[in-house]
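# Survey of secondary and tertiary structure
Read off the chains here:
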Amino acid sequence: MHQFLKIFGVITTFGMLVVIIQGALVTQTGSGDACGAEWPLCYGQLIPEDPTIKTLIEYTHRLVSAILGLMVIIHSVWSWIALRHLKETKLFAILAVLFIIFQGLLGAAAVVWGQSDAVMALHFGFSLISFTSVLLLTVLAFENGKNIKYTVPAISRKVKYFYFIILAYVYAVVYTGAYVKHTDAGVGCTGWPLCNGQIIPVLEGRTGIQFGHRVAAGLLFIMMLISLIVVIKHYIREKTLFYGTLMSFIFITLQVISGAIVIFTGFNLNATLFHAFMVSLLFGSVSYTALLAYRSK
């Protein structure tokens, strides 16, 4: 059922992952202004001549983002029509389109007029919301027609709200991580897990920003460990919820490890991009478990 929609959804989801990683590459290499203060043209040209490496990075990010923007719109409209009987479809379709537009407009505004670090940190968050909405639309296509026991878990109200809190908190942690990148605060702490050889360093400037992100990420790890323990202890028979929670815990573990590797390798480009990749998977999996909790009996 809806075989072509599933295939298109998978391709669009992976494409959005590429856009997110490209955005992290632009930020990490400082390529955001490599096409000049112009958008959508690059130095006044549709296709730049004799581009530098940084210009190629920025230009290909713009090109891929434009293609994926069109694909997201097509996927959202297609899902709206084909899966209109599922109550979550319209919400995710609207979110996917709105935030891919917000992402593009914010990126264009940053190029033409410039933006503060606090505002630019939202760019990554908008990309994640659009990616996750596309992911969940694709999941709905695969879930369609499945037995309700796989898609509607039976959990307590407290556990249900705990998943909502985790989702909101993950987004907050993601924002602090993006803010660290845009303020170059990664250098605020040397070493890991200690910051400049101290358990609690002087919380000023970049050190305060970086240390705050570490504390927030550590608290998120504890929250997700608690959710996994609760599910194993009380809801192990709710297989979809269990596997979703397990995957989320695996992703947060890899996220913490990748963050440490970024520090130890002196902000190696590959390590930084892997860190952004794991953030995307983490937010996607947590969003799906929150969806399951929302449906719960």
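Summarised in this report is the structure supplied together with it. (Residues numbered from 1 in each chain as written. Predicted model: local features only at pLDDT ≥ 70, side-chain atom pairs only at ≥ 80, totals over all residues. Heavy atoms only, no water.)

So, about unusual backbone geometry. Residue Trp192 is joined to Pro193 through a cis peptide bond whose omega torsion reads 5°. On the secondary structure map, Pro193 appears in the loop between α6 (157-182) and α7 (205-234). A positive phi angle, close to 55°, is found at Asn196, a residue other than glycine. Locating Asn196 in the fold gives a position in the loop between α6 and α7. Phi at Phe267 takes a positive value of approximately 60°, unusual for a residue other than glycine. In this structure, Phe267 sits in the loop between α8 (239-264) and α9 (269-295). The exposure class of Phe267 is partly exposed, given its relative accessible area of 29%. (Helix = DSSP H or I, 4+ residues; strand = E, 2+ residues; numbered from the N terminus. Buried < 20%, exposed > 50% of the residue type's maximum accessible area, 1.4 Å probe, protein only.)

Picture a little ball the size of a water molecule; that probe, rolled over the atoms, points out where space is still empty. Roughly 1,200 Å³ of internal volume is contained in the largest pocket. Lining the largest pocket are 44 residues; nearest its centre among them are Glu58, His61, Gly107, Ala108 and His123. By residue number, the principal contributor to the lining of the largest pocket is helix α2 (residues 53-82), which donates 10 residues. Here the residues of the lining of the largest pocket are counted per class, giving 21 nonpolar, 17 polar and 6 charged. (1 Å grid on protein atoms, 1.4 Å probe; cavity = no way out; pocket = protein on both sides within 12 Å on 5 of 7 lines; lining within 4 Å. Points joined across faces, edges and corners; volume = space filled by probe spheres on them. Nonpolar A, V, L, I, M, F, W, Y, C, P; charged D, E, K, R; others polar.)

We now examine the state of the cysteines. Counted according to the given criterion, the structure contains 2 disulfides. Between the sulfur of Cys35 and that of Cys42 lies a disulfide, 2.0 Å long from S to S. Handedness here is read from the sign of the S-S torsion; for Cys35 and Cys42, about -85°, the answer is left-handed. On the accessibility criterion, Cys35 (0% relative accessible area) is buried. Judged by its relative accessible area of 0%, Cys42 is buried. A disulfide bridge connects Cys189 with Cys195, and the sulfur atoms are separated by 1.8 Å. (Disulfide = S-S within 2.5 Å.)

Along its 26 residues, α6 runs 38 Å from first to last C-alpha, staying within 8% of the 38 Å computed at 1.5 Å per residue. Those residues of α6 that fall on the buried side of the exposure criterion are Val159, Lys160, Tyr163, Ile166, Tyr169, Val170, Val173, Val174, Gly177, Ala178 and Val180. (Expected span 1.5 Å × (residues − 1).)

A word on the nonpolar core. Ranked by internal contacts, the top residues of the largest apolar core, which has 56 residues, are Leu128, Leu220 and Met224. For this core, the secondary structure elements donating two or more residues are α1 (3-29), α2, α3 (89-112), α4 (117-143), α6, α7, α8 and α9. Examining the composition of this core, we find that 10 residues originate from one element, α4, more than from any other. Discounting chain neighbours no more than four positions away, the residues touching Leu220 are Ile166, Tyr169, Val170, Val173, Ile252 and Leu282. (Core = buried A, V, L, I, M, F, W, Y, C linked by side-chain atoms within 4.5 Å. Contact = heavy atoms within 4.5 Å.)

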